[in-house]
Amino acid sequence: MRQCDESPTGELLQAIGEFNRGDWFECHETLEDLWVGEEGEARYFYQGVLQVAVALHHWRGGNFGGAVSLLKSGSEYLRRVRPVCQRVDVAGLIAATDRLRVALSALGPARMSELDPACIPLLRLAPSPVEDKAGE
């Protein structure tokens with residue numbers, strides 16, 4: 001079982017790259033492999049990021065309802081996780097996901113393709129504790 005205070009695995013780094021490139025379906029597949037069999041906070045973390053990735057996949061495919069619904073549930077899962085998990089800036093992802101959901105909802109289904117690309121969240125790594133201490 002993985003813990004939030006651990007470093008990201010190679011699989012999680014792969015998922016982060018997929019997410020940030022817009023390969024959201026592939027990110028979903030990678031995270032699903034991590035999520036299965038996981039428990040506790042790490043499970044909520046993987047599931048939350050996975051749902052945000054699928055929401056973005058739905059948005060790109062024109063599925064407004066699926067996108068908005070999964071942005072909401074993904075954010076809810078992420079709220080069960082500490083602000084940084086496996087060095088991922090979870091707090092930043094929650095804020096970006098909530099902003100995206102509001103922007104998408106304001107556009108509605110007919111104009112969802114007009115979403116400003118700057119609204120698309122990215123997964124960011126927080127500095128490691130070793131890097132923090134080196135800078136003191």
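An account of the accompanying structure is given in this report.

Rules behind the numbers
Residues numbered from 1 in each chain as written. Predicted model: local features only at pLDDT ≥ 70, side-chain atom pairs only at ≥ 80, totals over all residues. Heavy atoms only, no water. 1 Å grid on protein atoms, 1.4 Å probe; cavity = no way out; pocket = protein on both sides within 12 Å on 5 of 7 lines; lining within 4 Å. Points joined across faces, edges and corners; volume = space filled by probe spheres on them. Helix = DSSP H or I, 4+ residues; strand = E, 2+ residues; numbered from the N terminus. Nonpolar A, V, L, I, M, F, W, Y, C, P; charged D, E, K, R; others polar. Buried < 20%, exposed > 50% of the residue type's maximum accessible area, 1.4 Å probe, protein only. Core = buried A, V, L, I, M, F, W, Y, C linked by side-chain atoms within 4.5 Å. Contact = heavy atoms within 4.5 Å. Patch = residues over 30% accessible without salt bridge, like charges linked within 9 Å, V, L, I, M, F, W, Y side chains within 5 Å. Areas by Shrake-Rupley, 256 points an atom, 1.4 Å probe, with all protein chains shown as cover. Salt bridge = Lys/Arg side-chain N within 4 Å of Asp/Glu carboxyl O. Lys, Arg positive; Asp, Glu negative; His and termini not counted. Charge placed at Lys NZ, Arg CZ, Asp CG, Glu CD.

### Let's talk about the layout of surface pockets
Part 1: The space that makes up the largest pocket amounts to roughly 170 Å³.
Part 2: D89, G92, L93, A96, R99, A118, C119, I120, P121, L122 and R124 are the residues that line the largest pocket.
Part 3: The biggest single contributor to the lining of the largest pocket is helix 5 (residues 90–111), with four residues.
Part 4: When grouped by side-chain class, the residues that make up the lining of the largest pocket number seven nonpolar, one polar and three charged.

### Notes on unusual backbone geometry
Part 1: Not every positive phi belongs to a glycine, and Q86 is a case in point at roughly 50 degrees.
Part 2: Looking at the secondary structure, you find Q86 in the loop between strand 1 (84–85) and strand 2 (88–89).
Part 3: Judged by its relative accessible area of 0%, Q86 is buried.
Part 4: Of note, the phi angle at R87 is positive, near 70 degrees, even though the residue is not glycine.
Part 5: Tracing the backbone through its elements, the reader meets R87 in the loop between strand 1 and strand 2.
Part 6: Overall, the relative accessible area of 22% leaves R87 in the partly exposed class.

### Describing the nonpolar core
Part 1: Core analysis: the biggest nonpolar cluster contains 40 residues, and F19, L31 and F45 have the highest contact counts within it.
Part 2: Put simply, the parts of the chain that give this core at least two residues each are helix 1 (10–21), helix 2 (24–35), helix 3 (40–61), helix 4 (64–78) and helix 5.
Part 3: Examining the composition of this core, we find that 11 residues originate from one element, helix 3, more than from any other.
Part 4: Those residues within four positions of F19 in sequence are excluded, and the remaining contacts are W24, C27, V49, V52, A53, L56, P121, L122 and L123.

### Some words on a negative patch on the surface
Part 1: On the surface, a cluster of negative charge is contributed by E11, E26, E29, E32 and D33.
Part 2: Considering each element in turn, the negative patch owes the most residues, four residues, to helix 2.
Part 3: By secondary structure assignment, the location of D33 is in helix 2.

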